Amino acid sequence: MRRGSIASLVGIGVVAGGIAAAVALVFPWLPKPASREAGRIDFEFWFVVTICIVIFAIVAAAILYSIWRFRAAPDDDSDGPPIHGHTKLEIVWTIIPTILVTSIGITSAIVLARDDKTGKNYMQVDVTAQQFEWSFSYPSAHGLTSATLMLPKGRSVLLVLHSRDVIHSFWVPEFGQKEDTVPGLRTTLHITPDRLGTFPVICTELCGLGHATMRTTAVVMTPAAFNKWLKGQSKAVASPNTATAGKAVFTNNGCGACHTFAPAGTTAKIGPDLDKLAAYAQQAHQPLDAFVRTSIVSPNAYIQPGYPKNVMPQTFGTSLSKQQLDALVTYLVGGKK
Ligand code: CUA
């Protein structure tokens, strides 16, 4: 091969590889990782992408050079020269891909094994999915529940996933992994958050009409802030002051994601406006207290006109303790008796 041809081949390869690398690097294809596991997955991803770009550059160079250099003249109807195999070339293009694919396999296995390994002092968080909300409980804090996933930075966390109805899937893009929640099965996901911030929790399995709204947030805080939150929440839930306890139940169960309620400062409009409970109770011809209690435990018993049936979870009767339910009713009824 002439020196000029080699220079042209290399030139085309560098340009093609440069374009592919620009497409890979200029656009933010992946979110910035916020967990050690996502960091390892990112490493594996870029390892594979780099190999792909190099191979793409070589193939593009060979094809473009051949099209340009060996193109048949318009009046050339002759057959090409008969070519027999090239043993050396065949050995090279067998051995190099074998090495590359094997190295991808080995690095992936290491990443998978390390990502799944929980640390010695790991914290368990129980994740419950149901149409169409997430709730998180912290066994280390005696079953404290929260509608937002609160996590301390730098701690190994084992999420134990359950579903109350159909299959959902837990996904925080910045944590780099997805895991299904399956009725009757216990699935787990291990994460070690390593960046402070607020990240979206998304249901990524089509689970019904409200699938697109089945979202909440994960907050990664410093260990000190996390401990302070745990203590404050545990105290509020156990508070003898029912208004404080009721507000904690309201917040921890995500009521504000769907309902407007001025005392809690929420303005969502998916479910009925809880500032108008007294008027709704009158329409339903029921005493206010009983009406509110029934509406929490069996939401379909009375549907306020203009709002859909089956959207409010029907599980609060079992997921809330009697004390929590009492506190919540007192908080919602407030001074409006
Ligand atoms: Cu739950 Cu989609």
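The shown structure was predicted, so the numbers you read here are calculated from the model rather than taken from an experiment.

1. As for the overall build of the protein
Moving on, step 1. What the protein contains, in helices and strands, is nine helices and twelve strands.
Moving on, step 2. In terms of overall dimensions, the protein is more spread out than a globule: its C-alpha atoms have a radius of gyration of 29 Å, far above the 20 Å expected for 337 residues.
Moving on, step 3. If one aligns the C-alpha atoms of the protein with their principal axes, the spans along those axes are about 95 × 50 × 35 Å.
Moving on, step 4. Within the protein, the fraction of its 337 residues that count as buried is 38%.
Moving on, step 5. A fraction of 64% describes how many contacts in the protein between residues 6 or more apart in sequence connect residues 24 or more apart.
Moving on, step 6. Surface exposure of the protein reaches about 19,500 Å², of which carbon and sulfur atoms provide 64%.

2. Brief notes about the confidence of the model for the protein
Caution applies to low-pLDDT parts of the model: their predicted coordinates are not meant to be read in detail.
Moving on, step 1. Across the protein, the average pLDDT comes to 88, with 98% of residues at or above 70.
Moving on, step 2. Here helix H8 (residues 316-319) is the element of the protein with the lowest mean pLDDT, 76, and strand E6 (residues 168-172) is the one with the highest, 97.

3. Observations concerning the nonpolar core
Moving on, step 1. The biggest cluster of nonpolar side chains holds 34 residues, and the ones touching the most others in it are Val-125, Trp-134, Tyr-138, Leu-149, Leu-159, Phe-170 and Phe-175.
Moving on, step 2. For Phe-175, the contacting residues outside a window of four places in its chain are Ala-34, Ser-35, Ala-38, Leu-151, Ile-191, Pro-193, Phe-199, Ala-218 and Val-220.
Moving on, step 3. The next biggest cluster of nonpolar side chains, apart from the first, holds 21 residues, and it includes Phe-250, Phe-291, Val-292 and Tyr-331.

4. Concerning the sheet that holds strand E2 (residues 133-138)
Moving on, step 1. Reading across the sheet, the five strands line up as E3-E2-E1-E5-E8 and stay open at both edges, with mixed pairing between neighbours. Of all the strands in the sheet, the pair left with one neighbour each is strand E3 (144-146) and strand E8 (187-191). Strand-to-strand twist in this sheet, taken as the mean axis angle between neighbours without regard to direction, amounts to 25°.
Moving on, step 2. Bridge count between strand E1 (residues 123-130) and E2: five bridges; the pairing is antiparallel.

5. Considering the pairing of strand E4 (residues 149-152)
Moving on, step 1. Here E4 shows a buried face lined by Leu-149 and Leu-151 and a second buried face lined by Met-150 and Pro-152.
Moving on, step 2. Note that E4 and strand E10 (residues 215-221) share four bridges and pair parallel. Within E10, the residue paired with Pro-152 across the bridge is Met-221.

6. Topic: helix H5 (residues 242-252)
Moving on, step 1. Listed in full, the buried residues belonging to H5 are Ala-245, Gly-246, Ala-248, Val-249, Phe-250 and Asn-252.
Moving on, step 2. Contacts made by the buried residues of H5 are with E3, helix H4 (223-238), strand E11 (260-261), strand E12 (266-267) and helix H9 (322-333).
Moving on, step 3. Following H5 by one or two positions, Gly-254 adopts a phi angle in the positive range, close to 75°.

7. Focus on the environment of Ala-290
Moving on, step 1. Summarising the element assignment, Ala-290 is placed in helix H7 (residues 288-297).
Moving on, step 2. Taking the C-alpha atoms as reference points, Ala-290 and Glu-44, 246 residues apart in sequence, are found 57 Å from one another.

8. Side note on the domain arrangement of the protein
Moving on, step 1. Per the domain assignment, the segments of the protein are domain 1 (3-69 + 86-116), domain 2 (123-223) and domain 3 (239-333).
Moving on, step 2. Across the contact, eight residues belong to domain 2 and nine residues belong to domain 3.
Moving on, step 3. Of the roughly 720 Å² buried between domain 2 and domain 3, counting both surfaces, carbon and sulfur atoms make up 47%.
Moving on, step 4. Taken as a group, Glu-133, Thr-145 and Arg-164 account for 46% of the area that domain 2 buries against domain 3, more than any other trio of residues on that side.
Moving on, step 5. At the boundary of domain 2 and domain 3, one finds zero salt bridges.
Moving on, step 6. Inspection of the domain 2/domain 3 interface yields zero residue pairs in polar contact (both at pLDDT 80 or more).
Moving on, step 7. In terms of residue count, E3 provides more of the side of domain 2 that touches domain 3 than any other element does, three residues in total.
Moving on, step 8. Residues that form the side of domain 2 that touches domain 3 fall into these classes: two nonpolar, four polar and two charged.

Analysis parameters
Residues numbered from 1 in each chain as written. Predicted model: local features only at pLDDT ≥ 70, side-chain atom pairs only at ≥ 80, totals over all residues. Heavy atoms only, no water. Helix = DSSP H or I, 4+ residues; strand = E, 2+ residues; numbered from the N terminus. Rg over C-alpha atoms; globule rule 2.2 N^0.38 Å. Buried < 20%, exposed > 50% of the residue type's maximum accessible area, 1.4 Å probe, protein only. Contact = heavy atoms within 4.5 Å. Areas by Shrake-Rupley, 256 points an atom, 1.4 Å probe, with all protein chains shown as cover. pLDDT = per-residue confidence, 0-100. Core = buried A, V, L, I, M, F, W, Y, C linked by side-chain atoms within 4.5 Å. Pairing = 2+ DSSP bridges. Axes fitted to C-alpha atoms, helices over the stretch in contact; angles between N-to-C directions. Domains from an automatic or database assignment. Buried area = accessible area lost by both parts, 1.4 Å probe. Salt bridge = Lys/Arg side-chain N within 4 Å of Asp/Glu carboxyl O. Polar contact = N/O pair within 3.5 Å; in protein donor to acceptor, adjacent residues only side chain to side chain. Nonpolar A, V, L, I, M, F, W, Y, C, P; charged D, E, K, R; others polar.

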